[in-house]
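# Observations on the three-dimensional arrangement
In case you want the letters, here they are:
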Amino acid sequence: MEVRLIQESEIDECNAMHNAYYGKNRTAAQWRWEFARWRLPDGSIPYAIVQDAGRIVGTQALIPIRFIDADGVFLTAKSEDTLIDPGYRGKNLFGSMYELLFRVAREGGVQCIWGFTPARGAFTKAGFDFPADTSQLLLAFSPACLLDNFTQQGSSQPPLKRVLYGAAGMAAVAGSAMQRILQSSSKPQREGAAAGIRVAALDAVPEEVTDLSHRFAARWPGITIFRDAAFYRWRLRDNPHTPSSLLGAYAGGKLVGIVAFVLNRSGMGFIVDVIACNADEALDRTVIGMLLGEASTRLRTMGASCVRAWSVSDHPFDQLVRQAAKTQGFFHLKRGHGVVRYTRDATDRAAPLNDIRQWYVTRLYSEGTDG
Amino acid sequence: MVEPGRLAAWLHAQFRHNLALGFTNECVRRFEANAIRYLPLAEAVALRQPVVAVPTGVPAPLEPAGAWRVPFNGTSLTLWNRIACPEGPGWSTFPVPDTPLFHRHESGTLLPAWNLFANLCDMLLFREERELTKRDEHGRFPLASSPRYKAGLLRVPAFNEALAFLVAAIYERCAGASEPRIDDLLLPPKIVLSHDCDILHGGDRITQAIRLFNFLRPLTRARAPNLRKLWHIPVNMVAPRRHYFDNATGMLELERQYAYRSVFYILNGTGGRFGARGGPEISGELVRSIPGGWEVGMHYNYDTFGDSARFLEQKAEIEGFGAGPVTSGRAHYLRFDPLQSFRLLQSSGIRFDESVGYAEYAGYRCGIAGVFKPLDPATGTVHDVLELPMTFMDRTIEPGGFEAMVKHIRRVGGTLSILYHPGTFHNTEEPELVGGYHAALRYCHGIGAESLLPREVLRVVDGMAPA
C-alpha cells in the first residue's frame, strides 16, 4: 500500500469512491473547488490518499484556511474528506495519511489543523484533541422543520415517528413565535434605525469585508477566520454546491456587519456566517439582531421550514450572537459534532489556538455543501 | 407564399441570433463565411464545393415521418423527414445509412440527411396552427392536435440540433463515422426565468369561490372533499398575501442566492374569473418592490387578445406604476394567436414575447429552445418582436424530465424559458409543487446555466452586426 498526495489524474476515482460510499453525486468540479484551490509549492494538492493495487482505499484532505488575530494573519488547515474503505479499517491508514499531512502542514507553515467530526477514536489516536462540541441555534417556521432535517440526511421515517416529529416541530414553531414576542424581535430593527444602521442585500462580495475582518480581529479577543473578499468570493459566491446570499449592515457608507445565509435543497435555511464590528458591544448586538432578523425573514419567504446556525464555543462574540439570535426567536440546542484540533508545538499562537473559548467559528468552515 | 431565397435568409438570421446567445464569438464569425448555402435540392447535389448545402424546396408532410436518432456531442439528435443519399458517384452517408446525419461528396459538399430546411421553417412559421384549424375554448391551438406531439417529437429542440450540426459541419467536426463534438464551441446554456403574476392576493372573492368549489368537487365522484382547499380559505382571509405576493419576494430572494434574475409579468386591468383579481394597488406595490436588477413586463390580460386599445391601456397602467417602458410580456392563459398577435405586439411596443407554448406540457412548441423573429408567410414581413417560446411552466416540470431536457440543451446549445407563478412557488395548497422551483434553479446552477433577462437577450440580438 502506498500513502502519498493525490495526482490530478486520480481526482475522478477519488470522488467516485466518496460518492459510492455516501450515496452522493458530488462532481469533479465541486471536488476541485473544495480541495484544489490551494497548492503546495510544487503544484501538488494537500490531499492524501492510500492506494492499494492501483485502487484508492483511503482519503484525507487538508484545506488551508487563513485565520487572523490582533497580531495578524496566519495559516491553519481544515481537516476534510476523511474516508477509509471499510475493508481496510483497523490498519491505521488514517494515522499514516496524517503522518504525511503533518509534514506537509509543517513545511507549509500551518499552525493548527482542525475540523468537525463524530469519529473521535481515529483522530485521538493521531494526536488530535476534542476541546468542544458544536451547538446549534434553531428558529422554526414550519412543523416540517424536524422532518426536513431527516430528508437532508437522506433518511425517511416511519409514519408514527413522522407524526411525533411533526408534533415536536409544531412545538418548536410555537416556541420560536413565543420567543420572538417575549424578546421583542423588532427591537434591533428599531434601535438600528435610530442609530442610522441600514441593511442591504449584496449581489457581490464587497471589498470592504477585508477591512471589516481586520477591524473585528483588532477589536475582539482570540482568533477567527480571515474573511477577506477573495476568501468570501471563493467560499460563498463561487460555491458550486449552494452559493450564499449576503446582507450587509451599513453605518453611513461603512460596512459594519455582514451575514451569509442559504436555503438548502431540503428546504432548511442556514446562517453560514455572521460578523459585525461597531463602536461597542451593544451596537454589535443590535446589528447582529438586525442581520439575523432580516436573513430569517428572507429565508422564510424563500420557503425555509427553519433557520439553523452553529455555535462552536463561548467566545464572547459567539455569546453575543446567541443573545442576538434569541431576540429573533432562535433556540440554543446543545447538540452537534465534536470539534477536533491539532496544534503544532512550534506555533507562536499556542495560547489562543489551545483555548477553544478564543475561537470564533461558524458554518463558514463546514464542508461547503450548505454554505 | 414567401420565395425560398427570402425564407433562407430569414432562417439564417435566426441561426445567427441563437449563435450569438449560445456559441463562442469565433463561431459567429465563422458562420458568416459563406460556409452554408441554401439551394434547391438539385443544385445542392450538383455543387462541388467544400460547403454545407442545405436543400430548400423539398416538401415535408405535416405528420413527421419516420424519426431516427444519431449520436452527437454526448447526446443524440432526433431527425425526421429523411433526405435520401444523392445518386451518382462520390457520395457517402455518415455515420451509417440506417440512421444518417449527413451525406458527403468526395469534393467536400455536405448535405444534411434530413429535411432540415422544411422541418425548421414549418415549425417557426407555425404550419400546424395554419393548417389545422381546431381551437379550444380560449382560442388556442390544442396540444392534442399537434402532429409533432402525437409523434412524440415535441421535446425535440430541432432548431438547436440543426444549428449544432451546422456548427459542427463548418468546423469540419463531421468527419466520417465518429461522433461530432462541439463542447469547446458552446457557451453555457441560458435560462430566462419569468413569473406570471396572475394572483397576488389570495383572499379575493373569485379565488375563494374557486377554492370552495374545488373543496366540494370530489364529492361529485363519491370521494372525500379536499380539506386542504378548505383550510386555505381562512388562511388567505386572514393573510391574503401569504403564498402569493409574499411568494413573489421569496422567489426573487431565491434567485438572488444563485445570482439569477427574472422578469415579473404583471396582470392588471380588467378583473373577473380570467382577469386581474387583485386590483391595481397590489400590482403597483409589487412593481415598486422589484429591485432594479430584475425586470417588469406585462402579462397580457385575457380581454386584450386582439384588442389593441385595451392592450395599450393595460400597458400604460403598468408603466404608470413606475415600471418604466414595458417591452416584454406573455399572454394570460397563453391566449395568443401566433398568426395574428405579433402585429399587435409590435405596434404596441412589445419587443420580447414568451407566449408561445403549451400550458399542459413541457416542450418546444416551435421546435426551438431559443429566440426567433416571426415571419408572416403571406406577406414576408418579419416582425420586430423576439419570440422565446415557453418551454417549462411550473405544473409541467417533471422531475427527471426537466433535467434530461436541460442536459440535452447543454450539449447542443440553447436558451430555455422557465415560468413559475408566485402562487405555486411555496404554497401548501399545492404541496406537490413545493420545492420545485428551487430544485429547478439548483439544477440549472449546477450545470452552469446563466440567466438572462428579456432586455439582455434583446441587447445581444440587437447588437449583432447585419449579416
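Residues numbered from 1 in each chain as written. Chains lettered and ligands numbered in written order. Predicted model: local features only at pLDDT ≥ 70, side-chain atom pairs only at ≥ 80, totals over all residues. Heavy atoms only, no water.

## Some words on the overall build of chain A
Of the regular secondary structure elements, chain A holds 12 helices and 16 strands. In summary, chain A has a C-alpha radius of gyration of 21 Å against a globular reference of 21 Å for 371 residues, a match within 12%. With respect to the three principal axes, the spread of C-alpha positions in chain A is 65 × 55 × 35 Å. Expressed as a percentage of its 371 residues, the buried residues of chain A come to 58%. Taking all contacts inside chain A whose residues are at least 6 apart in sequence as the whole, residues at least 24 apart take part in 74%. When the accessible surface of chain A is totalled, it reaches about 15000 Å², and 52% of it is carbon and sulfur. (Helix = DSSP H or I, 4+ residues; strand = E, 2+ residues; numbered from the N terminus. Rg over C-alpha atoms; globule rule 2.2 N^0.38 Å. Buried < 20%, exposed > 50% of the residue type's maximum accessible area, 1.4 Å probe, protein only. Contact = heavy atoms within 4.5 Å. Areas by Shrake-Rupley, 256 points an atom, 1.4 Å probe, with all protein chains shown as cover.)

## Focus: the state of the cysteines
With the rule as written, the count across this model stands at 0 disulfides over all chains. Cys174(B) takes part in no disulfide bond, and the closest cysteine sulfur, belonging to Cys27(B), lies 12 Å away. (Disulfide = S-S within 2.5 Å.)

## Section: the domain arrangement of chain B
All names here are of chain B. Under the domain assignment, chain B is made up of domain 1 (4-185) and domain 2 (190-204 + 240-461). For domain 1 and domain 2, the distance between their C-alpha centres works out to 29 Å. The interface is formed by 44 residues belonging to domain 1 together with 44 residues belonging to domain 2. Approximately 3700 Å² of surface area, both sides summed, lies buried where domain 1 meets domain 2, with 60% of it carried by carbon and sulfur atoms. Between domain 1 and domain 2 we count 3 salt bridges in total. (Domains from an automatic or database assignment. Buried area = accessible area lost by both parts, 1.4 Å probe. Salt bridge = Lys/Arg side-chain N within 4 Å of Asp/Glu carboxyl O.)

## Quick word on the interface of chain B and chain A
The interface is formed by 15 residues belonging to chain B together with 19 residues belonging to chain A. Summed over both partners, the interface of chain B with chain A comes to about 1500 Å²; 46% of that surface belongs to carbon and sulfur atoms. There are 3 salt bridges connecting chain B and chain A. Summed over the shared surface of chain B and chain A, the result is 7 residue pairs in polar contact (both at pLDDT 80 or more). (Polar contact = N/O pair within 3.5 Å; in protein donor to acceptor, adjacent residues only side chain to side chain.)

## Some remarks on the pattern of salt bridges
Under the definition given, this model contains 53 salt bridges over all chains. Note that Glu129(B) and Arg365(B) form a salt bridge whose closest N and O atoms lie 2.6 Å from each other. Within this pair, whereas Glu129(B) is found in helix H5 (residues 127-131), its partner Arg365(B) is found in the loop between strand S12 (352-353) and strand S13 (386-387), the two being separated by 236 residues in sequence. Here Glu129(B) and Arg365(B) have matching classes, each one buried. The network of salt bridges with shared partners includes Asp203(A), Glu294(A), Arg298(A), Glu253(B), Arg256(B) and Arg261(B).

## Notes on the sheet that holds strand S14 (residues 331-333) of chain A
Residues and elements named next belong to chain A. In spatial order, the strands read S8-S10-S11-S12-S13-S7-S14; together these 7 strands make up an open sheet with mixed pairing. Of all the strands in the sheet, just strand S8 (197-202) and S14 have a single pairing partner and so form its edges. Within this sheet the neighbouring strands show an average axis-to-axis angle of 25°, counted without direction. Direction of pairing for strand S10 (residues 245-251) relative to strand S11 (residues 254-263): antiparallel, over a ladder of 7 bridges. If you follow leucine 246 over to S11, its bridge partner there is alanine 260. Most of the contacts of helix H6 (residues 159-183) go to strand S7 (residues 135-140), to which it runs at about 90°, and overall it touches S7 and S14. (Pairing = 2+ DSSP bridges. Axes fitted to C-alpha atoms, helices over the stretch in contact; angles between N-to-C directions.)

## Focus: the pairing of strand S13 (residues 306-311) of chain A
Residues and elements named next belong to chain A. The buried fraction of S13 amounts to 6 of the 6 residues, a majority that puts the element mostly inside the structure. Residues Cys306, Arg308 and Trp310 of S13 are buried on one face, and the alternating residues Val307, Ala309 and Ser311, pointing to the opposite face, are buried as well. Relative to S13, S7 is paired through 6 bridges, and the arrangement is antiparallel. Across the sheet, leucine 137 pairs through a bridge with alanine 309, a residue of S13.

## Topic: the pairing of strand S4 (residues 75-79) of chain B
Residue and element names in this part refer to chain B. A large share of S4 lies buried, amounting to 4 of its 5 residues. With 5 bridges connecting them, strand S3 (residues 68-72) and S4 associate as antiparallel partners. Across the sheet, tryptophan 68 pairs through a bridge with leucine 79, a residue of S4. Counting the residues in the hairpin turn of S3 and S4 gives 2 residues, including asparagine 73, whose phi is positive at 50°.

## Here's the deal with helix H10 (residues 281-302) of chain A
Each full turn of the α-helix corresponds to 3.6 residues, which orients residues three or four apart in the same direction. A rise of 1.5 Å per residue sets the reference length of H10(A), with its 22 residues, at 32 Å; its end C-alpha atoms lie 31 Å apart and thus fit the reference within 8%. Immediately downstream of H10(A), the backbone of Gly303(A) shows phi near 105°, a positive value. (Expected span 1.5 Å × (residues − 1).)

## Quick word on the nonpolar core
Counting 202 residues, the largest nonpolar core has Tyr232(A), Leu11(B), Phe15(B) and Phe165(B) as the members making the most contacts within it. If one sorts the elements of this core by residue count, helix H7 (residues 158-170) of chain B sits on top with 11 residues. Excluding anything up to four places from it in sequence, Leu11(B) contacts Tyr38(B), Phe117(B), Leu120(B), Cys121(B), Leu124(B) and Phe159(B). Residues Val57(A), Ala105(A), Ala126(A) and Phe130(A) belong to the second largest nonpolar core, which totals 26 residues. (Core = buried A, V, L, I, M, F, W, Y, C linked by side-chain atoms within 4.5 Å.)

## Overview of the environment of Leu246(A)
Relative to the elements of secondary structure, Leu246(A) occurs in strand S10. Not counting the four nearest positions on each side in its chain, Leu246(A) is found in contact with Ala200(A), Ala201(A), Leu202(A), Ala204(A), Val205(A), Tyr232(A), Leu236(A), Arg237(A), Val259(A), Ala260(A) and Phe261(A).

## As for the packing of helix H4 (residues 116-124) of chain B against H7(B)
All names here are of chain B. At a minimum axis separation of 10 Å, H4 and H7 run at an interaxial angle of 145°. The way H4 lies across H7 gives a crossing that is left-handed. Here Leu116, Leu120, Met123 and Leu124 of H4 lie close against H7, whose contacting residues are Ala158, Phe159, Ala162, Phe165 and Leu166. Here the residues of the contact of H4 with H7 sort into 9 nonpolar, no polar and no charged. (Left-handed = near helix turned anticlockwise from the far one by under 90°. Nonpolar A, V, L, I, M, F, W, Y, C, P; charged D, E, K, R; others polar.)

## Digging into the side chain of Arg4(A)
All names here are of chain A. Of note, arginine 4 is situated in strand S1 (residues 2-5). In this structure the side chain of arginine 4 is engaged in a polar contact, spanning 3.2 Å, whose partner is the side chain of glutamate 2. Apart from residues no more than four positions distant in its own chain, arginine 4 is found in contact with Glu10, Tyr47, Ala48, Ile49, Gln51 and Leu100.

## Remarks on the side chain of Asn268(B)
Residues and elements named next belong to chain B. With respect to the element layout, asparagine 268 can be found in the loop between strand S9 (262-266) and helix H11 (280-289). Look at asparagine 268 and you get buried, because its relative accessible area is 2%. Polar side-chain contacts of asparagine 268 include one of 3.0 Å to the side chain of glutamine 314. Those residues within four positions of asparagine 268 in sequence are excluded, and the remaining contacts are Ala276, Ser283, Asn301, Gln314, Glu317, Ile318 and Phe321.

## Some words on the environment of Arg308(A)
Residues and elements named next belong to chain A. By the element assignment, arginine 308 lies in strand S13. Among the residues examined, arginine 308 registers a relative accessible area of 12% and is labelled buried. Sequence separation between arginine 308 and alanine 195 is 113 residues; the distance between their C-alpha atoms is 28 Å. At 2.9 Å, the side chain of arginine 308 and the side chain of glutamine 136 are in polar contact.

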